[in-house]
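The chain contents come next:
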Amino acid sequence: MEKKPKNLMIMKISIPFLIIFLFSSMSLNGAKYDSGTRGISNDLISQQNRSVVCVVTDAQGPVVGANVMVKGTTNGSITDANGRVSLSNIPSGAILVVSFVGYLTQEISLGNKRSISVILKEDTKVLDEVVVIGYGTVRKSDLTGSISSISSEKIKNLPQGSISNILQGKAAGINITSTSGAGNMNIRVRGITSLNKSSEPLWVVDGVIGGTVGNFYDIENIEVLKDASATSIYGAQGANGVILVTTKKPKEGTKITFDARYGVKNMRKKPDLLSPYEYARAYNEVNGANSISVDDLAAYKNGTKGIDWVNLMTQTGFSQNYNLNISGGNQKTKYSISGWVGDTKGQWISNTARDYNVKATLDTNITPWLEFSGYMYDGLTKQHNSTSQGQFVDVLEYSPCMELQNESGIYNLDPYGSIGSNPYASVKAEWTDYRSSTMTMFGNLKFKIIDGLTFSTEGLYTQIHNWNRHFRSASYQPSGTSQASNYEEQYYNWRNIDNLTYDKTLGDHHLIAMGVLELTKHKFSSLNASSTGLVNEATTYWDLASAGSYSISNSFSNSSMASVFGRLIYSYKGKYLFTGTMRADAPSQFKDKYKWGYFPSIAIGWNMHEERFINKDVINQLKLRASAGTIGNCGVGAYSTYSTLSRDYVSYGTATKYWGYWPESNSNPDLHWEKTVQYDLGFDLGVLNNKVNLSADFYLKNTTDLLFQKELPDYNGGGTVWTNLGKLQNKGMEFTLNVVPFATKNITWESTLTAAYNRNTVKDLGGDDYIIPDASRGGLYSGGLFILQVGKPVGSFYLQRWAGFNDEGANLYYNQDGTTTTGNNNDNRVITGKSVPDWLFGWNNTLTYRNWDFNVLFRATSNYDRLNISRYIETCQTGASRFISSREGYYRSWDKVSDKSHALFPSLTNANNQYVPGSTQWLEKAAFIRCQNLSVGYQIPKKLTKYAAIHLSLSAENLFVISKYKGLDPETVSEANTNTYDTTFGLDRGSFPMPTTSSFIVRLEF
């Protein structure tokens, strides 16, 4: 394989800098700067100080609690019950700054006056601020869709390093669960909308699907589009909701910002496993007194032998991230350059990661009628053993009574408990190196044709190159064979958007009309080479051809989509609002008459507070909203409507291989769109000078023609086929309450409570009463653990009912007729429990006192379950776990408790006992209250340091969890699972818990 030059990354990174330098040099050339003078004038500062009385009122009368301060000083106070305040020691020519929540801040020059009256005006920017929506912006007062917004001011001092973390608990209707303590997340907006395909939302950066954020520090604000009016503009890609990320734009004047963040991660809760001596004693009790020798038993007791697997395999994680942003320019041309470096040592030993990226942005007015904006991004990620954390399940079941290696340095397998791989060998005799390189280029030309009419054309190109190299030594286990592989994949994405927009205000009428043509293309290719029996292990994964056997495979796919859509936004007198959208998509995945999908939506709104009959003294804002629309999902593979073949061979009983092709998947030329029709009704209310704001939404989502991969019987050729099957329904309600309990000169408290209810129901399964989506499971999980049944929620468990123990300490299970049995019979399964919460809650509080800021965030859920297979693994003696490993499994077993009613687990010596993982014995309530974040910060003003404003903060994440769940974390789902439904519906099988993270952050603004 041809090697790329080592300086390729340097060349790629230098291109943005060169472009920025050329543009900024051209536009800044000849610019005039006025340094000004800062001398003290006797005309401005009089030595004769005096007292000044200020009376603050609004349209209704005196304003109580308004801040009145002398600009540039700390001399100030708040108004009394009459709106009056008296300040002393006021120099002649001073300027008073008068402010109050919900009103515009005013600056008044005193001159030689000794009294002054100020009439505050309502701050309408809350209503008139611009909100980012799909392919454009709209004034918040004209917004008719359901959108949750989070600004950079709300998050800049928080420790979270990903957008998923930012959204947790701060946006109603979004359920975010962790698939591991490493931070991998599942995101659901208003429930699950697809069965076989992803329910992940669409990510849009700076108005473009596939755009690049750069890093956490570049985020200006985040909007989550939830209802059909907001998401239908994305047609085939908006069914699962849309998350819009807007990055910071360069501004006039030079500004330099530097951030440094340091974090320490520890396991909040560790499994309570048997010590080596406890394990050896228990093993001898069950399997015979001499199963583990007396000498070894003594060594385990005095600590000279034995392994603490949790302490051996985990460590204190550490991360350090640095960001530098430089921006500047003048009115004509503005630029910014940001660079980010991150270094992480994971909690799992040998797990490391490094990230580098640089992003250069340029905005320039080429002519009065032509603007250009664009950016270039280059990022590189390096990871070592990033996926090994999935072997935490082996840590839970491995015996502590063993030697790590034999005399030859070969890693031993567990002689007593697990039949799985040695966890320590998985990181010392086996490793994976991963690299990912991303390059993105974006450019937008905007033409101002006439007043109000603009045309923009923009293009995006993204190239992603991933490498995954794996090596396993023959010392991995006794009689082991060395293995190595190299896998590479490349993604190429092109996107072109042409947008014609007319935005005009004519008297009482405001109109925004938009028409767009969008073309996209995706290309993917991969190459995989693997080998077994390396001649020289010193070459690890770099000499595959020298192995005893090797194989090579590759793949390719190509897909595209053409889209045409338009939107009309209209408001009359700022009171009566209308939004209409129509989008048509034609993806290459679908054939002929099913290729085009059409996605209309309509929304209306009424700003009632603008009506004369509304008392504005009481109600500052009241908007009613209603919307309905259709959104789609075409998320199947590029060739899902075609029959495909896979290469295979037959030998006819000989050593000769006769190669050929065998059907792999079946065609369905009638495969078409999965569609979701959504209805939304909501309101926005603001009272007490907008100190109290409440938003509420009530929605109904019906998804039809679900994309479902159905298994075909062997007599019909076997395999699978994609089909449209069934209907789902999501209905719910969302509330966001924002309150400013008090705001004075020195202290402000803002509190936000979010609550969201969602109920998911299967409405139809194409004529079937039920489907067991994981029926193909084998072994102890044979027959599946989940069920889809009409009238029941998605994520329902299908389990045998546990009935306790019989007189010999064996597990009992209910039959269908109510009698009990000790046998394992899948015919006795019932639908019970569900893996998706009814309610999601978030409570975020921010308190500022002078230069101090404090934040605390709580999250909570209600009424959902987890199947705790981790607990099953630790306490059973069957399958992959031949002996128990937890202290609970031993001390609370039938044999060890005197009062048998207190037994939690069966007899360890009853050979007839049946362990059933798919039973209600392991189904547990998982509702929780979590302290997500607690932080404190201090701002050192620039006037003290003379060179930069400095913000210092300390934070702690995941401080505590209150839950009845007996596992390590009620929220994480298994990263080790190989079945899609495990991570979708909540199976805990070796889930690594979310850590407690302590962070220190310093930010300098020059």
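Residues numbered from 1 in each chain as written. Predicted model: local features only at pLDDT ≥ 70, side-chain atom pairs only at ≥ 80, totals over all residues. Heavy atoms only, no water.

(A) A look at the overall build of the protein. Helix and strand content of the protein: 14 helices and 54 strands. Evaluated residue by residue, the protein yields a buried proportion of 50% over its 1006 residues. Partitioning the contacts of the protein with sequence separation of at least 6, the portion at a separation of at least 24 is 68%. Total accessible area on the protein is roughly 45500 Å²; 54% of this is exposed by carbon and sulfur atoms. (Helix = DSSP H or I, 4+ residues; strand = E, 2+ residues; numbered from the N terminus. Buried < 20%, exposed > 50% of the residue type's maximum accessible area, 1.4 Å probe, protein only. Contact = heavy atoms within 4.5 Å. Areas by Shrake-Rupley, 256 points an atom, 1.4 Å probe, with all protein chains shown as cover.)

(B) Layout of helix H6 (residues 276-287). Here H6 spans 16 Å end to end across 12 residues, near enough to the 16 Å set by a 1.5 Å rise per residue. Every buried residue of H6 is accounted for by Pro-276, Glu-278, Tyr-279, Ala-280, Ala-282, Tyr-283 and Asn-284. Close packing links the buried residues of H6 with helix H7 (294-302) and helix H12 (887-891). Positive phi appears at Gly-288, one or two residues downstream of H6, with a value of about 120°. (Expected span 1.5 Å × (residues − 1).)

(C) Representation of unusual backbone geometry. Even without glycine at this site, Asn-690 takes up a positive phi of about 60°. Structurally, the position occupied by Asn-690 is in the loop between strand S33 (674-687) and strand S34 (692-704). Its identity is not glycine, yet Asn-958 carries a phi of approximately 55°, on the positive side. Mapped onto the elements of the fold, Asn-958 is located in the loop between strand S51 (949-957) and strand S52 (961-963).

(D) Representation of the packing of aromatic side chains in the model. Inspection of every chain in the model, using the stated rule, returns 42 aromatic pairs. Each ring, one from Tyr-411 and one from Tyr-424, has its centre 6.2 Å from the other, and the planes form 55°; the classification is tilted. Residue Tyr-411 is found in the loop between helix H9 (392-397) and helix H10 (425-428), and its partner Tyr-424 is found in the loop between H9 and H10; the two are separated by 13 residues along the sequence. Each of the two residues, Tyr-411 as well as Tyr-424, counts as buried. Site record: aromatic cluster; members linked through ring pairs are Tyr-279, Tyr-283, Tyr-416 and Phe-883. (Phe/Tyr/Trp six-rings, centres within 6.5 Å; stacked < 30°, edge-to-face > 60°.)

(E) Spatial organisation of the pattern of salt bridges. Under the defined criterion, the tally for this structure stands at 32 salt bridges. One salt bridge in this structure joins Asp-838 and Arg-759, with 3.7 Å as the shortest N-O distance. Taken together, the residues span a long stretch of sequence, with Asp-838 in the loop between strand S45 (829-834) and strand S46 (839-849) and Arg-759 in strand S38 (residues 747-764) at a distance of 79 residues. We classify Arg-759 as partly exposed; its relative accessible area is 29%. Shared partners join several salt bridges into a network, and the residues in it are Arg-190, Lys-226, Asp-680 and Glu-734. (Salt bridge = Lys/Arg side-chain N within 4 Å of Asp/Glu carboxyl O.)

(F) View of the packing of H6 against H7. Running from N to C, H6 and H7 cross one another at 150°; their axes reach a closest spacing of 7 Å. Between H6 and H7, the angle falls in the class roughly antiparallel. Residues Pro-276, Tyr-277, Ala-280, Arg-281 and Asn-284 of H6 pack against Leu-297, Tyr-300 and Lys-301 of H7. Considering only residue class, the contact of H6 with H7 consists of five nonpolar, one polar and two charged. (Axes fitted to C-alpha atoms, helices over the stretch in contact; angles between N-to-C directions. Parallel < 35°, antiparallel > 145°, perpendicular 65-115°, else oblique. Nonpolar A, V, L, I, M, F, W, Y, C, P; charged D, E, K, R; others polar.)

(G) Focus on the confidence of the model for the protein. Averaged over every residue, the pLDDT of the protein is 86; the share at 70 or more is 90%. Contacts from residues 1-48, a stretch scored under 50 in pLDDT, to residues over four places away or in other chains number 42 contacts. (pLDDT = per-residue confidence, 0-100.)

(H) Representation of the sheet that holds strand S7 (residues 106-109). Spatially, S4-S3-S6-S7 is the arrangement adopted by the four strands of the open sheet, whose pairing is antiparallel. Looking at strand neighbours, the two that pair on one side only are strand S4 (76-78) and S7, the edges of this open sheet. For this sheet the average axis-to-axis angle between neighbouring strands, irrespective of direction, equals 20°. Sheet topology places strand S3 (residues 67-70) next to S4; three bridges connect them, and they run antiparallel. Among the inter-strand pairings, Asn-67 is bridged to a residue of S4, identified as Ile-78. (Pairing = 2+ DSSP bridges.)

(I) Main features of the nonpolar core. Among the nonpolar cores identified, the biggest contains 29 residues, and Tyr-279, Ile-292, Cys-401, Leu-785, Leu-867, Ile-869 and Tyr-872 are the most heavily contacted of them. Those elements that provide at least two residues to this core are H6, strand S41 (796-800) and helix H11 (869-875). Ignoring sequence-local partners within four residues, the contact set of Tyr-279 consists of Leu-274, Ser-399, Pro-400, Cys-401, Tyr-416, Gly-417, Phe-883, Ile-884 and Ser-885. Within the second largest apolar cluster, 22 residues are counted, among which are Val-131, Ile-233, Tyr-234 and Phe-565. (Core = buried A, V, L, I, M, F, W, Y, C linked by side-chain atoms within 4.5 Å.)

(J) Representation of the side chain of Asn-466 within the structure. Relative to the helices and strands, Asn-466 is located in strand S24 (residues 453-472). Among the polar contacts made by the side chain of Asn-466, one reaches the side chain of Ser-436 at a distance of 2.6 Å. Excluding anything up to four places from it in sequence, Asn-466 contacts Tyr-434, Arg-435, Ser-436, Ser-437, Tyr-487, Glu-488, Glu-489 and Tyr-491. (Polar contact = N/O pair within 3.5 Å; in protein donor to acceptor, adjacent residues only side chain to side chain.)

(K) A look at the side chain of Lys-504. Relative to the assigned elements, Lys-504 resides in strand S25 (residues 483-506). One polar contact links Lys-504 to Asp-451, side chain to side chain, over a distance of 2.2 Å.

(L) Molecular detail of a nonpolar patch on the surface. A cluster of nonpolar residues, Leu-517, Leu-519, Val-564, Met-582, Trp-596 and Tyr-598, forms a patch on the protein surface that exposes about 560 Å² of accessible area. Its location among the elements puts Val-564 in strand S27 (residues 549-572). We classify Val-564 as partly exposed; its relative accessible area is 45%. (Patch = residues over 30% accessible without salt bridge, like charges linked within 9 Å, V, L, I, M, F, W, Y side chains within 5 Å.)

(M) View of the pairing of S25. Direction of pairing for S24 relative to S25: antiparallel, over a ladder of 20 bridges. Pairing of Leu-460 across the sheet is with Arg-495, part of S25. Relative to strand S26 (residues 509-532), S25 runs antiparallel, the two sharing 24 bridges. Bridge assignment links Asp-503 to a residue of S26, and that residue is Ile-512. Counting the residues in the hairpin turn of S25 and S26 gives two residues, including Gly-507, whose phi is positive at 65°.

(N) Summary view of the sheet that holds strand S44 (residues 820-821). What the three strands build is an open sheet, ordered S42-S43-S44; its pairing is antiparallel. Every other strand in the sheet has two partners, leaving strand S42 (802-805) and S44 as the edge strands with one partner each. Relative to S44, strand S43 (residues 811-814) runs antiparallel, the two sharing two bridges. Bridging from a neighbouring strand, Tyr-813 pairs with Thr-821 of S44.

(O) Representation of the environment of Gly-93. Structurally, the position occupied by Gly-93 is in the loop between strand S5 (84-90) and strand S6 (95-99). Between the alpha carbons of Gly-93 and Leu-110 there is a distance of 5.7 Å; along the sequence they are 17 residues apart.

(P) Quick look at the environment of Val-395. The topology assignment puts Val-395 in helix H9. Judged by relative accessible area, Val-395 falls into the buried class, the value being 1%. As for Val-395 and Ser-421, which are separated by 26 residues in sequence, their C-alpha atoms are 9.7 Å apart. Val-395 has contacts with Leu-273, Trp-309, Val-310, Met-313, Trp-348 and Pro-423, leaving out every residue within four places of it along the chain.

(Q) Region of the structure containing the environment of Lys-255. Structurally, the position occupied by Lys-255 is in strand S18 (residues 255-267). Residue class for Lys-255 comes out partly exposed when judged on its relative accessible area of 40%. Through-space distance from the C-alpha of Lys-255 to that of Glu-1005 is 7.3 Å; in sequence the pair is 750 residues apart. Non-local contacts of Lys-255, meaning those with residues more than four positions away in its chain, are made with Asn-325, Ile-326, Ser-327 and Phe-1006.

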